[in-house]
Amino acid sequence: MGFNLKEIYDYFVKDGTFLNGEPYGSGHIHDTFRIVTVEKDKDDYILQRLNNKIFKNIPELQHNIERVTVHLRNKLKAVPGSDIKRECLSLIPSRDGKSWIIDKEGNYWRMYIFISNHRSYNIVDSPDKAFEGGKAIGRFQAMLSDMPGGPLFEIIPWFHDIEKRLQTFHLKIKENPVGRVGTVSDEINQVLQRAEEMKIILKLGEEGKIPLRITHNDTKFNNILLDENDKALCVIDLDTVMPGYIHYDFGDAIRTVTNTASEDEKDLSKIKMDIHLFKAYSEGFLSETGGTLNDVEKEYLAFAPGLITYTIAVRFLTDFIDGDNYFKTHHELHNLQRARAQLRLVMSMEEQYGEMKKIIGKLTKKRQKTKVKR
Ligand code: ADP
Ligand code: GN1
Ligand code: MG
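Residues numbered from 1 in each chain as written. Chains lettered and ligands numbered in written order. Predicted model: local features only at pLDDT ≥ 70, side-chain atom pairs only at ≥ 80, totals over all residues. Heavy atoms only, no water.

A. Structural view of the domain arrangement of the protein chain. Domain assignment breaks the protein chain into domain 1 (5–113) and domain 2 (127–373). Computed from C-alpha coordinates alone, the two centres of domain 1 and domain 2 are separated by 26 Å. Taken together, the contacts link 27 residues of domain 1 with 31 residues of domain 2. Around 2,700 Å² of area is buried between domain 1 and domain 2 when both sides are counted, 60% of it from carbon and sulfur atoms. Taken together, the connections running from domain 1 to domain 2 amount to 4 salt bridges. Among the ionic pairs, R86 bridges to E228, the shortest N-O distance being 3.1 Å. Linking domain 1 with domain 2 are 16 residue pairs in polar contact (both at pLDDT 80 or more), by the criterion used here. (Domains from an automatic or database assignment. Contact = heavy atoms within 4.5 Å. Buried area = accessible area lost by both parts, 1.4 Å probe. Salt bridge = Lys/Arg side-chain N within 4 Å of Asp/Glu carboxyl O. Polar contact = N/O pair within 3.5 Å; in protein donor to acceptor, adjacent residues only side chain to side chain.)

So, in structure tokens, the structure goes:
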């Protein structure tokens, strides 16, 4: 990718002299670079070339992120001792006062302050980190629960709508655009076997039993930064913040926090949901949100990880069948490998569903009791 990062950097109103820019992180959507500045006492930056094939309306996308970050910053200002530059994403304005620019080639770019001294993990190896992840997402949702100004733009409609995702899946199987359908009949069957039961969250929403909240919708663990002591620091990747059900955020975090292997692990025998990490994340999450969730929301929390893991397996498999147009891939079978790994994780969650329900039941009851005592 031969971008002139210094030239793009100079479109923004920032502090610090460009020293160098390198690809950064392991996101599947944008092209992300870390910009290091010459001066030791000035911020570094994250510069992102936005994926406008996926995000078709960049002004609306940026508008959502501006609203969310302004609100979070105002909340943090009221908390003594908070480190706003590290606990909240800070967008850098362009010279014409927008939060993004379009370069000469028509690429969209935005820039954030680089959150210094953070730690980011693709695999979680301790209950403490899982607990902190749960706290970070819980706090994020609690802080956004009173954001003024009406609903956010629904930036990718039906993002976690499993009915729509399955419709697209069937369509791509029928089209078979690159002739891969015949090679994945086992995986297709695994998806079809479970399709009906996965619609329950949508049904509860339609019946008005669970409310739409402001959710993040992409709470995988590498979008939660921890600090140098592995304590909750900042929730990043705000592209998909929009109205959603609590189960989407809980489920996606559990999908990544509790997996004993990578999202795309080839050796399926390594993949398992670690129930201790499930418990720790749930404790952290409920410590921040437990009081605001209704009984039906709580009752279905244990169902959410299986749903989201299944949804993402369907998306990876659909993209494989479609010829890899959506997620960044690093080799020919990457999306298939990811889909297989996620389907294996679904099985592990199914095996431990009873245990997950017990844990949530105990945690939510415990909270009720302590509430009564106080
Ligand atoms: P994608 O949608 O492609 O996942 P992200 O916005 O999550 O893009 O950014 C990709 C990676 O860049 C993140 O996983 C994280 O490692 C890093 N990153 C993003 N924003 C920041 C920031 N403000 N400070 C430090 N690291 C960041
Ligand atoms: C993408 O942007 P990133 O890499 O954090 C995707 C998520 C998937 C995830 C799977 C906008 O997340 O929905 O769950 O990959 N983001 C978008 O790893 O589609
Ligand atoms: Mg990301």
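B. Just the site of ligand 1, in detail. Not every one of the 19 residues close to ligand 1 is listed here, only the nearest: H30, Q48, I113, I115 and D237. Note that an oxygen atom of ligand 1 is positioned 3.0 Å from one of the backbone N or O atoms of H30. Protein contacts shield 97% of the accessible area of ligand 1, which totals 550 Å² for the unbound molecule. Of the residues belonging to the shell around ligand 1, the class tally is 9 nonpolar, 8 polar and 2 charged. Of the residues that make up the shell around ligand 1, three or more belong to each of domain 1 (5–113) and domain 2 (127–373). (Near = heavy atom within 4 Å. Areas by Shrake-Rupley, 256 points an atom, 1.4 Å probe, with all protein chains shown as cover. Nonpolar A, V, L, I, M, F, W, Y, C, P; charged D, E, K, R; others polar.)

C. Spotlight on the site of ligand 2. Around ligand 2, a shell composed of 17 residues is seen, among which H28, K220, E263, R315 and Y326 lie nearest. A distance of 3.0 Å is found between an oxygen atom of ligand 2 and a side-chain nitrogen or oxygen belonging to N223. At 2.9 Å from an oxygen atom of ligand 2 is found a side-chain nitrogen or oxygen belonging to D237. Taking 440 Å² as the accessible area of ligand 2 by itself, protein coverage stands at 98%. Looking at the shell around ligand 2, the element that brings in the most residues is helix α11 (residues 304–321), giving 3 residues. Partitioned by chemical class, the residues of the shell around ligand 2 number 7 nonpolar, 4 polar and 6 charged. (Helix = DSSP H or I, 4+ residues; strand = E, 2+ residues; numbered from the N terminus.)

D. Region of interest: the nonpolar core. Among the nonpolar cores identified, the biggest contains 69 residues, and V68, F250, M273, F278, Y281 and F285 are the most heavily contacted of them. Looking at which domains feed residues into this core, each of domain 1 (5–113) and domain 2 (127–373) gives three or more. Leave out the neighbours within four places in its chain, and Y281 touches A130, F131, G133, G134, I137, D249, F250, A253, I254 and V257. (Core = buried A, V, L, I, M, F, W, Y, C linked by side-chain atoms within 4.5 Å. Buried < 20%, exposed > 50% of the residue type's maximum accessible area, 1.4 Å probe, protein only.)

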